[in-house]
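Reading the structure
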Amino acid sequence: MSEKLQSVKNSLKRPRKKSRLPLIVGASITLVMVIIGVISMFWIPQDVNVSDPSIRMLPIGTPHHLFGTDFLGRDVTSMLMTGVRTSVIIGASAAFLSLFIGTLFGMLAASISKLDEPIMRTADIFMAMPGIIFALVLASTIGAGYVTTIFALTSFFTPAFVRVTRASSMRVLSEDYISVARLYGRSRLFITIRHVLPNVSSILIVQFTIYFAAGVLSEAGLSFLGVGINRPSVSLGMMLHEAVEQIGITDPLGVWPGLGIVILVIGLNLLGDGLRDYFDPRFSQRVR
Amino acid sequence: MDNFALKVEDLVVYLDDLIAVRGVSFVINKGERWGLVGESGAGKSLTALAIMGLLQDGWKTSGAVLHDGMNLLQASDKTLSARRGRTMSMVFQDPTTALNPVAKVGKQITWILRHHMHVTQKDAYEQSLVLLNKMNLPRPESIMDSYPHQLSGGQRQRIMIAMALACYPELIIADEPTTALDVTVQKQVLRLLDAAVTERNCGLLLITHDLPVIAAMCENVAVMYGGRIVETGKISDVFTNPRHPYTKGLLASQPTLDNIDLDGGTRLPSIRGSVPPLYAMPDGCAFAERCDFATQKCKELPELDNQIQQVACWNPVAEARKGA
Amino acid sequence: MGRFILRRLAFFAITLLTTSVLIFTLIRAAGGNVAAILLGKNSSAEEIHKLSTELGLERPLPVQYFEWMGNFLHGNLGQAFRSKQLASHLIWSQAPVSVPLSLGGLILAIIIAIPLGTFAAKNFNRPSGAFVAVLSQIGIAVPVFWAGLLLSLVFGVHLHLLPTGGWVPWSENFVGALRSLALPVFTLGIVMASTLTRYTRTAILDVMNEDFVRTARASGMSRRVALIKVGLRNASLPLVTVLGLLAAEMVGGTVIIEKVYSLPGISRMILDNVTAREVVVVQSTVMVIVVYVMTINLIIDLAYGLLDPRIRVGK
Ligand SMILES: Nc1ncnc2c1ncn2[C@@H]1O[C@H](COP(=O)(O)OP(=O)(O)OP(=O)(O)O)[C@@H](O)[C@H]1O
Ligand code: SF4
Ligand SMILES: [Mg+2]
């Protein structure tokens, strides 16, 4: 009678596993970029601030200057390596600080009801502000540089972490086993740290990579405006700033820093998406 | 014209390598009320959704679902959507999420009438009022002008039923239509459904965990377990004289006058163990792990036998064993 | 709805107040000695003190804040120390560049993203849908200014279709002004569209899994009709919220794009005045921008209230 069941059984296909490709590609790109950044801390082909007018604007592929030289004869390879380092450091620091502060306040808001309103309204206010304008003002009043940029980015990334942490904490706090823990006299804050943090950590890791990417983009934008990273430091956005200021948009050197940013950001976003799929509880249940 | 409202033949529903419904067959004649019972996860909802062609993306089907002169499993979304709401309709479990939150109730009901019956807006409006009236909804005009969030769960479920009945379908499927409602409202809603079937002579497939409801409303019952129908027949036969060990356990775990222990409240026997998960569904009888009568033979898949009260079991409960 | 509007208005006012304090503190506390900077390196302490007093910069900061805010609320945005030009005049003079650029970009983004995101959601399990998803993923990773550089290379330098920079005032040559805004608006539009496309896709996919879409289909809507009649309308709710966030991104994008295309807009004005330590002008300009973004946000919030009957009608 049940021929259908038999024929279906014979034709069954293993579920198409959700591809791990984004995770692998994203992680690889990120890793390569981080490695380039680390190498640049110990070794670069040439000092990024040493100019040599006799070798201005060398083309790509010149021996000793793989990516050529700029309008002052500075080595582009070295600048690119250093620029990648700057992007990674600033993006990661801003994302990490926001993660740290945001998680703290998010958990406070979720577990201490008196603090909920004030914290969330403050987050709303920061969220609605045009961050770049503030960064611009900040950079020109207290001076541009690493610290200012990281500070500005952190201020505007933190609310997103506060929201995510609070929302996820609220969800976990409403689960049954939490009520049991409460019956045993645990404080909400203790429960949040003990039970909620492990539960929301995967969401936060994903959020971290996304804001890492956002940090890279924002730093590049600020440096392009000339209010982020300046000489003697080097950043990818700043290289584009110099190229456009000095030569104009036709400068072939305008291509590489931009490409560097795009690759790094795509890598991070892929990593974030990949991690999200990897952590997704619905998905992992299904895989069983 | 067929005299059945629905004929399901060897329906298999699966997602990738998980088979949730494993060969289900039954016929619902016009005017017939069928109850579908079974433990959570038995595949009741998926059977219903497969019939309606409303399975989520990724689910596949095999077998045949005959209704309105065609095999619905092979019909396109367009063909199906011309039937849904007109010749067959479905009432879902949770009325709080089942109505479009941004459209007025009136718009949602009249759309069905205008779409399927091609009546004017004015006629659709009048007919909707009549429908709501029949559903014992007071002040239908104001209900037509309300958004779902302004109404109670019971009101919303009545609206859902009104929508399901709007075009005089041949078949109504109700998937736990009262689970989300409180007890007094449950009765009223079921009575409405019951009256509608009588009045319109349509087929009803009522999915519920509430055996007394089925006993009160339906003529026939199918008991599902592990994606299969394990026992089916007339209510009077199945409920008084269960032949499948699972049905027997299910009935024994219902509170009745017999098993209320007057000294110490109720002590209901429950079936030990739990339904095997889909990925670990045995090839043989799905109930074997929990069955007191299991034998070597049960490693093979039992089919429904040819009795009037059909059972799929190698060692069906005999009349004599009933009391044991 | 009434309470909802009141709440929104209150939030609007509180946000503006908080932001104004923040702006003032940031610019004044961190700005160094304004008079010293205005006078240059070779100025004596007396001169500096004299100018400070003259400009009213010696008074306690709270007093200065309330004076500034009081004037601001009366429409007096202050003036530049050196040129004595009115801040309102300076701001007004760049509005014809920045306002059309920012709003144009936002509108273009919406026009591109809603259909594209809908398409991607509708075809989410087909190659065409995946292609759009990948495209928006790449678009999100491209910095605005680099997109601007590439676009002006292609359309300006190579194809000679549009100017790659500079500005022709509206009054001088309307078409010329349009042409000089074309590439900037396009750049801003497609960059913001990438983000919005992604949000649209997710919002629609989420909505299509809702119970009420299943009900709609159970009552006779085909997939396509359910998407258009029920899906889009419901997906518009989360999307409206996203638009609010985009408004802040829009200002950032505008500032950067003006730089790429050397447009005499808000970013040049702020940068110039920040460098010149024209603190009052900067304070007021930033405040005006914040008001601009917040007003867009407020309109969006109210629109949300109108779109969602659960807020509009109440119980
Ligand atoms: N989206 C899904 N992915 C994987 N498995 C699913 C999915 N939906 C349902 N199932 C599985 O299919 C089986 C049958 O589900 P179904 O909803 O039909 O059960 P049911 O009999 O209606 O149960 P209930 O009484 O709880 O409504 C269950 O084992 C369930 O876990
Ligand atoms: S077939 Fe065997 S295991 Fe299954 S119910 Fe019957 S007796 Fe029990
Ligand atoms: Mg069910």
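Source: prediction; values computed, not measured. (Residues numbered from 1 in each chain as written. Chains lettered and ligands numbered in written order. Predicted model: local features only at pLDDT ≥ 70, side-chain atom pairs only at ≥ 80, totals over all residues. Heavy atoms only, no water.)

**Quick look at the overall build of chain B**
The cut-off we apply is this: A run of DSSP states H or I qualifies as a helix once it reaches four residues; a run of E qualifies as a strand once it reaches two. Both are numbered from the N-terminal end. Note on exposure labels: buried denotes an accessible area under 20% of the residue type's maximum, exposed denotes more than 50%, and partly exposed covers the range between, all computed with a 1.4 Å probe on protein chains only. Any two residues having at least one pair of non-hydrogen atoms within 4.5 Å are treated as being in contact. Residue-level accessible areas treat just the shown protein chains as cover; the underlying method is Shrake-Rupley with a 1.4 Å probe. The charge count treats Lys and Arg as positive and Asp and Glu as negative. His and the chain ends do not count. The location of each charge is read from NZ of Lys, CZ of Arg, CG of Asp or CD of Glu.
Helix and strand counts for chain B come out as 11 helices and 11 strands. In terms of its C-alpha atoms, chain B occupies a principal-axis envelope of roughly 65 × 50 × 35 Å. Classification of the 324 residues of chain B by burial places 55% in the buried group. Sequence-distant contacts, at least 24 apart, represent 64% of the contacts inside chain B between residues at least 6 apart. For chain B, the accessible surface area stands at approximately 13900 Å², while carbon and sulfur atoms represent 52% of it. Across chain B, 32 positive and 35 negative side-chain charges occur, with their mean positions spaced 4 Å apart.

**A few points about the sheet that holds strand 11 (residues 310–311) of chain B**
Residue and element names in this part refer to chain B. Heads up, the rule is: For two strands to be treated as a pair, DSSP must find at least two bridges joining them.
Overall, mixed pairing links the 7 strands, which are arranged 6-7-8-3-9-10-11 in an open sheet. Two strands close off the open sheet at either side, each with one partner strand: strand 6 (88–91) and strand 11. Note: strand 3 (residues 33–38) against strand 9 (residues 220–225), 5 bridges, orientation parallel. Across the sheet, the residue bridging to G35 is V221, located in strand 9.

**Overview of the interface of chain C and chain A**
Convention followed: Here the buried area means the combined drop in accessible surface, using a 1.4 Å probe, for two parts upon being joined, counting both sides. By definition, a salt bridge exists where a carboxyl oxygen of Asp or Glu is found within 4 Å of a side-chain nitrogen of Lys or Arg.
Between chain C and chain A, the residue contacts involve 44 residues of the former and 41 residues of the latter. Summed over both sides, the interface between chain C and chain A buries roughly 3600 Å², with carbon and sulfur atoms accounting for 82% of that surface. At the junction of chain C with chain A, the criterion picks out 1 salt bridge. Of the charged contacts in the structure, one is a salt bridge between D273 of chain A and R198 of chain C, with a shortest N-O distance of 3.3 Å.

**Regarding the site of ligand 1**
All names here are of chain B. As a reminder of what qualifies: When we say a residue is near a molecule or strand, we mean one of its heavy atoms is within 4 Å of it. A 3.5 Å cut-off defines polar contacts: any pair of N or O atoms within that distance qualifies, except that in protein one atom must be a possible hydrogen donor and the other a possible acceptor, and neighbouring residues in sequence count only when both atoms are side-chain atoms. Classification used: nonpolar for Ala, Val, Leu, Ile, Met, Phe, Trp, Tyr, Cys and Pro, charged for Asp, Glu, Lys and Arg, polar for all others including Gly.
Around ligand 1 lies a shell of 15 residues, among which S40, G41, K44, S45 and H209 are the nearest. A42 is positioned with one of its backbone polar atoms (N or O) 3.2 Å from an oxygen atom of ligand 1. With respect to ligand 1, the side chain of E176 contributes an N or O atom lying 3.2 Å from an oxygen atom. A total of 630 Å² of accessible area belongs to ligand 1 in isolation, and the protein chains cover 67% of it. Per element, the largest residue contribution to the shell around ligand 1 is 3 residues, and it comes from helix 1 (residues 44–52). Counted by class, the shell around ligand 1 contains 6 nonpolar, 6 polar and 3 charged residues.

**Quick notes on the UniProt feature "domain: ABC transmembrane type-1" (unreviewed entry) in chain C**
The cut-off we apply is this: UniProt positions are given in the numbering used here, feature names are shortened, and annotations may be inferred rather than shown by experiment.
Following the UniProt record, one finds the feature "domain: ABC transmembrane type-1" (unreviewed entry) at residues 95–300 of chain C. Within the segment residues 95–300 of chain C, helix and strand shares are 83% and 0% respectively, and the terminal C-alpha atoms sit 21 Å apart.

**Thoughts on the site of ligand 2**
Near ligand 2, the surroundings consist of 13 residues, among which C285, C291, C298, C313 and W314 of chain B are the closest. Across the shell around ligand 2, the residue classes break down as 11 nonpolar, 2 polar and no charged.

**A look at the side chain of N297 of chain C**
Tracing the backbone shows N297 of chain C in helix 12 (residues 279–307). With residues up to four places along the chain from it excluded, the contact list for N297 of chain C reads A128 of chain A together with G244 of chain C.

**Notes on the side chain of T158 of chain A**
Residues and elements named next belong to chain A. Within the secondary structure, T158 is located in helix 6 (residues 146–173). Since its relative accessible area comes to 11%, T158 is described here as buried. Those residues in contact with T158 that lie beyond four places of it in its chain are S98, I101 and G102.

**Considering the pattern of salt bridges**
Inspection of the entire model under this criterion finds 24 salt bridges over all chains. Ionic pairing is found between K7 of chain B and E9 of chain B, a salt bridge with its closest N-O pair at 3.9 Å. Given the relative accessible area of 34%, E9 of chain B is considered partly exposed. By sharing partners, the salt bridges in this structure join E117, R121, D124 and R163 of chain A into a single network.

**A short note on the nonpolar core**
So the rule is basically this: Residues belong to a common nonpolar core when they are buried Ala, Val, Leu, Ile, Met, Phe, Trp, Tyr or Cys residues joined through side-chain atoms within 4.5 Å.
In this structure, I133, M239 and I261 of chain A together with F145 of chain C are the most contacted members of the largest nonpolar core, which totals 136 residues. Take this core: its biggest share by element is 13 residues, from helix 12 of chain C. Those residues in contact with I133 of chain A that lie beyond four places of it in its chain are V251, V255, I270, V286 and I289 of chain C. Within the second largest apolar cluster, 113 residues are counted, among which are L6, I51 and M224 of chain B together with A203 of chain C.

**A closer look at the UniProt feature "transmembrane region" (unreviewed entry) in chain C**
Residue and element names in this part refer to chain C. Feature annotation in UniProt places "transmembrane region" (unreviewed entry) on residues 99–119, 131–157, 177–196, 237–261 and 281–307, given in this structure's numbering. From the first C-alpha to the last, residues 99–119 spans 30 Å; its make-up is 100% helix and 0% strand. Note that residues 281–307 is 100% helix and 0% strand, and that its end C-alpha atoms are spaced 39 Å apart.

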